[in-house]
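Here's the letter readout for the chains.
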Amino acid sequence: MTLRALIIKEWIQTLHDRRMLVIIFALPVVQMILFGFATNNEVEHLSVLVVDQDRSFISREIISALNRGTYFDVFEISSDPLAGEKALNTNEARLAINIPPGLERRFLSGQNSTLQIQLDGSDGNSATIALGYFNQILGEINEQFTKQPNSSVSFEPLNIETRILYNQSLTSSYFMVPGIIAMILTIVTTMLTAMGITREKERGTFEQLVVSPIRGWELMLGKTMPFAVIGVLDALLSIGLGMFIFDIPLTGSISALSVLNVAYIMAMLGLGLFISTISDTQQQAMMTVFAVLFPFIILSDFFFPLENMPELIQWATLLNPMRYTLTAQREIFLKGSGWPQVWSSILVLFGFAFAFLGYGAFRFRKSLQV
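Just so you know, these numbers come straight off a predicted model, no measurement behind them.

Novice: Which parts of the structure should I look at to understand a nonpolar patch on the surface?
Specialist: Together, Val229, Val232, Leu233, Leu236 and Val262 give the surface a local cluster of nonpolar side chains, amounting to about 420 Å² of exposed area. Top element by residues in the nonpolar patch is helix 9 (residues 216-244). It accounts for four residues.

Novice: Would you take a moment to explain the side chain of Thr277 for this structure?
Specialist: Within the secondary structure, Thr277 sits in helix 10 (residues 254-277). Separated by 2.6 Å, the side chain of Thr277 and the backbone oxygen of Phe274 make a polar contact. In this structure Thr277 touches Lys201, Gly360, Arg363 and Phe364, once residues within four positions along its chain are discounted.

Novice: What's the story with the pairing of strand 4 (residues 113-120) in this structure? I'm lost.
Specialist: The two faces of the sheet receive side chains in turn, since in a regular strand these alternate between them. Across the eight residues that make up strand 4, a large majority, seven, are buried. Across four bridges, strand 3 (residues 95-99) lies against strand 4 in antiparallel orientation. Across the sheet, residue Ala96 finds its bridge partner in strand 4, namely Gln118.

Novice: What's the story with the layout of surface pockets in this structure? I'm lost.
Specialist: The method is simple in principle: a probe with the dimensions of a water molecule rolls over the atoms, and the space it marks as empty is what remains. Of the voids in this model, the largest pocket is the one considered here, and its volume is about 770 Å³. The wall of the largest pocket is formed by 26 residues, among which Asn91, Asp301, Leu306, Arg323 and Thr327 lie closest to the centre. Of all the secondary-structure elements, those providing two or more residues to the lining of the largest pocket are helix 13 (321-334) and helix 14 (339-369). Residues belonging to the lining of the largest pocket are distributed by class as follows: five nonpolar, ten polar and eleven charged.

Novice: Quick question: what am I supposed to make of the pattern of salt bridges here?
Specialist: Where side chains of opposite charge bring their charged atoms close, a pairing between them can arise. Scanning the entire structure with this criterion turns up five salt bridges. Note that Lys86 is salt-bridged to Asp80, the shortest N-O span being 3.8 Å. Where Asp301 meets Arg330, a salt bridge forms, and the shortest distance between an N and an O atom there is 3.6 Å. Placement of Asp301 in the loop between helix 11 (282-298) and helix 12 (311-316) and of Arg330 in helix 13 is noted, with a sequence separation of 29 residues between them. Take Asp301 and Arg330: they sit in the same class, and that class is buried.

Novice: I tried to follow unusual backbone geometry on my own but got confused; where do I start?
Specialist: Note on backbone geometry: most residues besides glycine have negative phi, and most peptide bonds are trans. The phi torsion at Tyr166 lies on the positive side, around 75°, for a residue other than glycine. Of note, the phi angle at Asp247 is positive, near 60°, even though the residue is not glycine. A relative accessible area of 52% places Asp247 in the exposed class.

Novice: Even after reading the chapter, I still don't get the nonpolar core, so can you show me in this structure?
Specialist: Across soluble globular proteins, you tend to see nonpolar side chains buried next to one another. Among the nonpolar cores identified, the biggest contains 51 residues, and Leu260 and Phe333 are the most heavily contacted of them. Where this core is concerned, the elements lending two or more residues are strand 1 (46-52), helix 4 (83-89), helix 7 (172-203), helix 9, helix 10, helix 11, helix 13 and helix 14. Among the nonpolar cores identified, the runner-up in size contains 29 residues, and Ile99, Leu103, Leu138 and Leu158 belong to it.

Novice: What is the right way to read the confidence of the model for the protein from this model?
Specialist: A low pLDDT score tells you not to read the predicted coordinates there in detail. Overall, the predicted model of the protein reaches an average pLDDT of 82, with 80% of residues at or above 70. Averaged pLDDT values for the elements of the protein fall to 61 in helix 8 (residues 206-211) and rise to 93 in strand 3.

Novice: Sorry if this is basic, but what is going on with the packing of aromatic side chains here?
Specialist: The description of two aromatic rings rests on the distance between their centres and on the angle between their planes. This model, assessed by the stated rule, comprises six aromatic pairs. With a centroid separation of 6.4 Å and an interplanar angle of 80°, the aromatic rings of Phe72 and Tyr133 are classed as edge-to-face. Here Tyr133 lies in helix 6 (residues 124-146) and Phe72 lies in strand 2 (residues 72-78), a separation of 61 residues in the sequence. Here the aromatic rings of Phe274 and Tyr359 are separated by 5.4 Å at their centres, their planes lie at 40°, and the arrangement is tilted. Of the two residues, Phe274 is situated in helix 10 and Tyr359 in helix 14; the sequence distance between them amounts to 85 residues. The class of Phe274 is partly exposed, set by a relative accessible area of 25%. Look at Tyr359 and you get partly exposed, because its relative accessible area is 44%. Among the aromatic residues, ring-to-ring pairing joins Tyr71, Phe72 and Tyr133 into one connected group.

Cut-offs and rules
- Residues numbered from 1 in each chain as written.
- Predicted model: local features only at pLDDT ≥ 70, side-chain atom pairs only at ≥ 80, totals over all residues.
- Heavy atoms only, no water.
- Patch = residues over 30% accessible without salt bridge, like charges linked within 9 Å, V, L, I, M, F, W, Y side chains within 5 Å.
- Areas by Shrake-Rupley, 256 points an atom, 1.4 Å probe, with all protein chains shown as cover.
- Salt bridge = Lys/Arg side-chain N within 4 Å of Asp/Glu carboxyl O.
- Helix = DSSP H or I, 4+ residues; strand = E, 2+ residues; numbered from the N terminus.
- Polar contact = N/O pair within 3.5 Å; in protein donor to acceptor, adjacent residues only side chain to side chain.
- Contact = heavy atoms within 4.5 Å.
- Buried < 20%, exposed > 50% of the residue type's maximum accessible area, 1.4 Å probe, protein only.
- Pairing = 2+ DSSP bridges.
- 1 Å grid on protein atoms, 1.4 Å probe; cavity = no way out; pocket = protein on both sides within 12 Å on 5 of 7 lines; lining within 4 Å.
- Points joined across faces, edges and corners; volume = space filled by probe spheres on them.
- Nonpolar A, V, L, I, M, F, W, Y, C, P; charged D, E, K, R; others polar.
- Core = buried A, V, L, I, M, F, W, Y, C linked by side-chain atoms within 4.5 Å.
- pLDDT = per-residue confidence, 0-100.
- Phe/Tyr/Trp six-rings, centres within 6.5 Å; stacked < 30°, edge-to-face > 60°.

Take a look at the structure:
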């Protein structure tokens, strides 16, 4: 009877907690639908820039073959030999194909004919798969021309010169470490802030702080500033470990990377502050943080390429601050980017920080008045 009464008591207590009901039932449904569409390991719709200096039948066949499937999307055809590298550096393209002048003439005369493909190696997995797709397409074109009947010319197959930018060895840790840094900052900063304040509520000391001669803004800063310092220290530690243990190069602006991480830490502090105001216990705070963390990671380009996701979910990723910090960190580490390339991401992160801290502070002040 005692066990039965205890079980009934726990059921009633859980079912009467609306916040726990949302976490238990609503969030799994949302996450299942969201992750089901977003988690796609296929590499499709990779943006391609073609530098066509030949303007021949073969070059048009190559472009047509690229557009026929779902693997590639040719968004621009240029004659500028530097256009491909520029597009890769600004993230407009994931790969660039350079068709040199005289390619068709050399091919038809049976001479060695080579075209160049430039790949963004910052995502080693996508680069490897994209290269395989293009080899398959080029193989079909070679077969189409070399097996023509009644031909007196012995065609040499079209060859590829592969140039991988930013991560020539396609080392996976170069791609993963910036994402891990962002994930660590998300977990540590948000979790510590949310649970630090709810711990005061559980112990009953929060009311003592409220009636103490401390102003509301002083109390809020006092509860969040230590976690901001911890976040900065964790960022420095994570960057140092990434550079010295995994040999990830830091080729871009250190000042831009520092401000980027500060902006992201401020945003996560605000998120943690908000979570603390809607949670009465540390358990609720922890579960809410993890409920927010999983969508952040899935929709950040950490594991799954954003271009593979449905268009609606791609728009939803614009509301994910982790997307901006992860992209900017990869650019700074691997592409040598500086302020001109990442200032927009930093500005967006400061916008998230202002919004999260502002609303979190508003909720925090309301909790002090209750």
